[in-house]
Amino acid sequence: MKAIKGNIISTCRFGELSILEQGFLILDDRGRIVSVTEQLKGEQNYLPVADYGDRLILHSFADMHLHAPQYPMVGMGMDLPLLDWLNTYTFEVEARFADTEYAREVYRRLAADLIGWGTTRVVMFSSLHTEATWILMEELEKAGIVGYVGKVNMDRNGKDKLQETTEESKRETLRWLEGCRRFRYIRPIITPRFTPSCTDELMDWLGTLAQQRGLYIQSHMNENLEEIRLVKELVPDCDRYWQTYAKHQMWKDHTVMAHCVHIDESEIAALKEANIVVAHCADSNINICSGIAPVRRLVKEGVWVTLGSDIAGGAQLSMAEVITMTIRSSKIKAMQEGEEKEFLSVAEGYYLGTVSGHRYFGAGEGFCSGDFLHAIVVEDSDRISLGREMSLKERFERVIYRMKKENIAVVYSEGRKVIDKIQVQERIRAE
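Residues numbered from 1 in each chain as written. Predicted model: local features only at pLDDT ≥ 70, side-chain atom pairs only at ≥ 80, totals over all residues. Heavy atoms only, no water.

J.: So what about the sheet that holds strand β14 (residues 304–307)? Which residues, and what values?
T.: Strand order in the open sheet formed by four strands is β11-β12-β13-β14, with parallel pairing between adjacent strands. Each edge of the sheet is formed by a strand with only one pairing partner; in this case those strands are β11 (218–221) and β14. With strand direction ignored, the average angle separating the axes of adjacent strands in the sheet is 35 degrees. Where helix α11 (residues 319–337) meets the sheet, it contacts β13 (277–280) and β14, and its direction lies at approximately 125 degrees from that of β14. (Pairing = 2+ DSSP bridges. Helix = DSSP H or I, 4+ residues; strand = E, 2+ residues; numbered from the N terminus. Axes fitted to C-alpha atoms, helices over the stretch in contact; angles between N-to-C directions. Contact = heavy atoms within 4.5 Å.)

Right, here's the structure in full:
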């Protein structure tokens, strides 16, 4: 066993912060949390301690929706609406991942950048290319990231170089799943791109496959008004977008649906009833003018909400920046709907960008006993002085809004120290 010491700032419930000045995280030999305590007691005084001094110890981030093959085009096409953006930029870039050398180059960079920003858990889209998807999974594991990655399925409305036949999509999905057995920390997730990209035959097959093999599912829903109209044209027997997934056994516990921007009471009820996980992507929704999801309303109604960077619709890989964009967009929503509407607080955004996503992987609330440690140690000594001592809460808020990659000094993922820029030596306090 061992201990980690520092200013521990955690969140056990939506909107609640727990601040423990100079507290201790006790870990077992596998990196699982035993307890969080103010002081070492009894035999704990003989544990080796990594003392991080005045630094902040926070939850690491969970990015619940991003497109790995779009990383090279971050910041491009931001003046286009969703469907035009997909056809002009996205499909062309994703087609390049048939080249495995290119895939290796991009995915190695992406994995390093993700862990460097303190993101230790992900739910991620790859492209439709089997080999490139395996490469992505390899690079994420090497970087120390835990997560779910999906080989994309699309057998209609793509491009010549980025579309499968239905049979090819089925065959390649089975081949991909067989090759996923070798991975320990990155698991497969069934990934129909979205309803416009998949025929009913393929959707039905994927839903059955997920049921038979106990696999989770990820896709998109209600992101853009034009997209919603297209879905209605393609699947006229469904009154609501969500029903295009439900009819194929995909609307089930732990299915991740990105966006859910334009949504009514019946759809909110359907999300809650099935325990669907909403991946809210504020930066992307604003960049391509999709709208602003009613996050406060979703949470109030009991819907499971998490956050995603959604690169490359989103232009920020830093989940701290995703959190602050989420807060900003909620303020715009509140102003649009009237002064009585509440916007998200920093504590609420922190919960959505960390613990809410970690729960998808079976973690408890906060730094929970029995969970593998997922945490970052933040060095904020470069902050500008206020002329007085700042409280830990003030430092925390400033860090969320101003965090740079250089501020993230140490990263723990699945109990493992995967980044350590300061090389603090563990010492036994009783000596």
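Now that the structure has been shown, the text picks up again.
J.: So what's going on with the packing of aromatic side chains? Residues and values would help.
T.: Scanning the entire structure with this criterion turns up twelve aromatic pairs. Where Y148 meets Y360, the ring centres are 5.6 Å apart and the plane angle is 80 degrees; that geometry is what we call edge-to-face. Pair noted here: Y148 is in strand β7 (residues 146–150) and Y360 is in the loop between α13 (355–358) and β15 (375–378), with a separation of 212 residues, a long-range link. A relative accessible area of 2% places Y360 in the buried class. An aromatic cluster of at least three residues, connected via ring pairs, comprises Y148, Y216, W304, Y360 and F361. The lysine or arginine in question, R359, covers the ring of W304, its NZ or CZ lying 4.4 Å from the ring centre. (Phe/Tyr/Trp six-rings, centres within 6.5 Å; stacked < 30°, edge-to-face > 60°. Buried < 20%, exposed > 50% of the residue type's maximum accessible area, 1.4 Å probe, protein only. Lys NZ or Arg CZ within 6 Å of the ring centre and 35° of its normal.)

J.: Go over the pattern of salt bridges, please, and point to the residues and values.
T.: Two side chains carrying opposite charge are able to pair once their charged atoms lie near each other. In total, this model carries 34 salt bridges according to the counting rule given. R121 is the partner of E414 in a salt bridge, and the nearest nitrogen-oxygen pair spans 3.6 Å. Taken together, the residues E414 in the loop between β16 (408–413) and β17 (416–420) and R121 in strand β6 (residues 119–125) connect sequence positions 293 residues apart. Note on R121: relative accessible area 7%, which makes it buried. Each member of the salt-bridge network shares a partner with another, and the members are R104, R108, E138, E139, K142 and R182. (Salt bridge = Lys/Arg side-chain N within 4 Å of Asp/Glu carboxyl O.)

J.: How would you summarise the packing of helix α4 (residues 166–179) against helix α5 (residues 200–213) if you had to cite specific residues and measurements?
T.: Across the interface, α4 lies against α5 with an axial gap of 10 Å and an inter-helix angle of 20 degrees. One way to sum up the angle between α4 and α5 is to call them roughly parallel. For the element pair α4 and α5, the recorded crossing hand is right-handed. Where α4 abuts α5, its residues T166, E167, S169, K170, T173, L174 and L177 lie against E201, L202, W205, L206, L209 and R213. For the contact of α4 with α5, the per-class residue count stands at six nonpolar, three polar and four charged. (Parallel < 35°, antiparallel > 145°, perpendicular 65-115°, else oblique. Left-handed = near helix turned anticlockwise from the far one by under 90°. Nonpolar A, V, L, I, M, F, W, Y, C, P; charged D, E, K, R; others polar.)

J.: Kindly report on the side chain of H220, identifying the contributing residues and their values.
T.: Tracing the backbone through its elements, the reader meets H220 in strand β11. Residue classification places H220 among the buried positions, given a relative accessible area of 6%. A polar contact of 3.2 Å, which involves the side chain of H220, links it to the side chain of H65. Side-chain polar atoms of H220 contact the side chain of H67, separated by 3.2 Å. Once residues within four sequence positions are removed from consideration, H220 is found in contact with H65, H67, F125, R193, F194, Y241, Y245, M257, A258 and H259. (Polar contact = N/O pair within 3.5 Å; in protein donor to acceptor, adjacent residues only side chain to side chain.)

J.: Explain the environment of G308 to me, and be specific about the residues and the numbers.
T.: Within the secondary structure layout, G308 lies in the loop between β14 and α11. Through-space distance from the C-alpha of G308 to that of D283 is 8.9 Å; in sequence the pair is 25 residues apart. Apart from residues lying up to four places away in sequence, G308 is in contact with D63, M64, H65, H280, C281, M319 and V322.

J.: Can you tell me about the pairing of strand β5 (residues 61–67), naming the residues and giving the values?
T.: Within β5, seven of the seven residues are buried, which leaves it mostly tucked inside the rest of the structure. Of the pairings in the sheet, the one linking β5 to β6 comprises five bridges and is parallel in character. Bridge pairing in β6 places H67 opposite F125.

J.: Provide a residue-level description of the sheet that holds strand β9 (residues 186–188), including the pertinent values.
T.: Note: strands within a sheet are paired through backbone hydrogen bonds, in either parallel or antiparallel orientation. Pairing is parallel in the open sheet, where four strands are placed in the order β5-β6-β7-β9. The sheet is open, and its two edges are formed by β5 and β9, each paired on a single side. In this sheet, neighbouring strand axes are inclined to one another by 20 degrees on average, regardless of whether the strands run parallel or antiparallel.

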